[in-house]
Structure formats: structure tokens, C-alpha cells
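Spelled out, the chains give:
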Amino acid sequence: DYKTDVPKGLGFGRHRTYDGLDHEYVFIVPKNYDPSRPYQVRFQLHGGMARARPLVVNRVRTDALPGAVEEISVFPIAWVRSMWWSAIQADNLARILDRLKRTYNVDENRVYLTGASDGGTGVYFMAFRDPTPWASFLPLISDMTVLASPVVRTDGEIYPGNAVNKPLYVVNTGRDRLYPAHIVQLYVD
């Protein structure tokens, strides 16, 4: 049984990962949240994470991908000390999801991971590293081969074969100079 007197609307969370780093995140719970029914959850990983410090949590854009579906939306934060393709972020996302599942009625079969640019690369990382908690993956304007570059310092082993039986909806454009759709498509296929 889930409680009815839980925070609704815009919320802010914080916890410390195993390495001692504090991680903040933003989440939005429908104002008419009903604990008697399960809700889908969508994590949105932001791009441009090569910052020296994390984004200020109350300045995170929560309207970047508006949707008509009632869901719990989650906006974690990454920066140069805690990149999306690190074990620290794998731990961070797992802790956030665990906290949500303890508080809200989460439909565990409808937990989605979405990200744009660097966030999209993080989506690929999680699809290859730890696909089990996620129902599907939506990388926007990114490329999985970035994870193979020594420059990005991908943390630990990743296994692209882990994503074979998971739904991916990959969005790239033909005019993107960094990740043109025809190149990304070769690897997705």
C-alpha cells in the first residue's frame, strides 16, 4: 500500500553515491497522483555535462520534452566528476529509482530512459551496462560509438549485446555534423 500524503508536483531530491558525491535531482509527480494505480516513470538525461560543477537544481529545464501521458518525470544531474557513462551515475540512477519505488506506485514495466546529446550517450551506456530496470531507451542526437573513445573515459565494461532485446527509439538527423543519421544507423542496425 502506498501513502496518499506524498509530495506532488515539482520536487527536489538529494542523496550521496558510494563515492561520497552529493547528487541532486528534480522530479515531477502528477498533482492528481492516485496511489491506487501504478504510474510510468521517465528519466531525462541532459546534454552538455562537461561542466566543472553540477547544474543548479532549481534551474533544470523540466519542460524540454513535454508529454500528454501522466507520468512521474525525473531529471538527474551530471557533470565532469559524475558523467552519464560512469559507475557513479549507474549508482545514482538506481538510487533515484529505488527511492521513487519506495514512495510512489511505480509501474516497473514502464520505466523509460531518455537523453539528448551527452544524455543520449548515457542512455546507450545504461542500455549496454544495466538494461534490466528500463523498459525502453530513447537516445536523441547521440552516438553509441562515443563510448568506445578513450577520451570520454567510459567507466568499466559495457556490453552492447545487452540491448539486443530492449526497445530503442533512436533519433538523429541527416544534417547533424557530429552524429549524422546515416552513420548512427549503421551501428543501430
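Residues numbered from 1 in each chain as written. Predicted model: local features only at pLDDT ≥ 70, side-chain atom pairs only at ≥ 80, totals over all residues. Heavy atoms only, no water.

## Remarks on the overall build of the protein chain
Summing up its helical and strand segments, the protein chain has three helices and six strands in all. Tracing the protein chain from N to C terminus, the helices and strands come up as β-β-β-β-α-β-α-β-α. Seen through its principal axes, the protein chain has C-alpha atoms that stretch 50 × 35 × 30 Å. For the protein chain, buried positions account for 46% of its 189 residues. Once local pairs closer than 6 in sequence are excluded, the contacts in the protein chain between residues at least 24 apart make up 71%. Entry remark: accessible area of the protein chain is about 10300 Å², with carbon and sulfur atoms responsible for 51%. (Helix = DSSP H or I, 4+ residues; strand = E, 2+ residues; numbered from the N terminus. Buried < 20%, exposed > 50% of the residue type's maximum accessible area, 1.4 Å probe, protein only. Contact = heavy atoms within 4.5 Å. Areas by Shrake-Rupley, 256 points an atom, 1.4 Å probe, with all protein chains shown as cover.)

## Considering the packing of aromatic side chains
What describes a pair of aromatic rings is the distance from one ring centre to the other and the angle between the planes of the rings. The final tally for this structure, using the stated rule, is six aromatic pairs. Geometrically, the ring pair formed by Tyr33 and Tyr104 is edge-to-face, given 5.3 Å between the ring centres and 85° between the ring planes. Taken together, the residues span a long stretch of sequence, with Tyr33 in the loop between β2 (22-29) and β3 (39-45) and Tyr104 in the loop between α1 (87-103) and β5 (106-116) at a distance of 71 residues. Classification of Tyr33 by relative accessible area gives buried; the value is 6%. (Phe/Tyr/Trp six-rings, centres within 6.5 Å; stacked < 30°, edge-to-face > 60°.)

## A closer look at unusual backbone geometry
Outside of glycine, negative phi angles account for most residues, and trans bonds account for most peptide bonds. Unusually for a residue other than glycine, Ile141 sits at a positive phi of about 50°. Position of Ile141 relative to the elements: it lies in the loop between β6 (136-140) and α3 (181-188). Here Ile141 falls in the partly exposed class, since its relative accessible area comes to 41%. The phi angle at Arg153 is positive, at roughly 55°, despite the residue not being glycine. Along the chain, Arg153 turns up in the loop between β6 and α3. Given a relative accessible area of 53%, Arg153 falls into the exposed group.

## Here's the deal with the pattern of salt bridges
The final tally for this structure, using the stated rule, is nine salt bridges. Asp91 is the partner of Arg95 in a salt bridge, and the nearest nitrogen-oxygen pair spans 2.9 Å. On the criterion of helical spacing, the pair formed by Arg95 and Asp91 is a turn pair, its members being four residues apart in helix α1. Taking the relative accessible area as the measure of exposure, Asp91 reaches 17% and is therefore buried. Close ionic contact of Asp98 with Arg102 constitutes a salt bridge, the shortest N to O distance being 2.8 Å. Taken together, the residues Asp98 and Arg102, both in helix α1 and four residues apart, mark about one turn of the helix. Salt bridges linked by common partners bring Arg14, Arg16, Asp22 and Glu24 together as one network. (Salt bridge = Lys/Arg side-chain N within 4 Å of Asp/Glu carboxyl O.)

## Comments concerning the nonpolar core
Judged by nonpolar contacts, the single largest core of 41 residues is most densely connected at Phe43, Val74, Leu100 and Tyr104. At the level of elements, β2, β3, β4 (71-76), α1, β5 and α2 (118-129) are the ones that each hand at least two residues to this core. The residues touching Leu100, leaving out its near neighbours within four places in the chain, are Phe27, Val41, Ile72, Val74 and Val106. Among the nonpolar cores identified, the runner-up in size contains seven residues, and Leu21, Val26, Val57 and Phe75 belong to it. (Core = buried A, V, L, I, M, F, W, Y, C linked by side-chain atoms within 4.5 Å.)

## Considering the pairing of β4
A large share of β4 lies buried, amounting to six of its six residues. Along β4, one buried face is formed by Glu71, Ser73 and Phe75 and the opposite face, lined by Ile72, Val74 and Pro76, is buried too. In this structure, β2 lies alongside β4, joined through four bridges in antiparallel fashion. Paired with Val26 across the strands is Phe75, a residue of β4. Taken together, the four bridges between β3 and β4 define a ladder with parallel strand orientation. Note on β4: the bridge partner recorded for Val41 is Ile72. (Pairing = 2+ DSSP bridges.)

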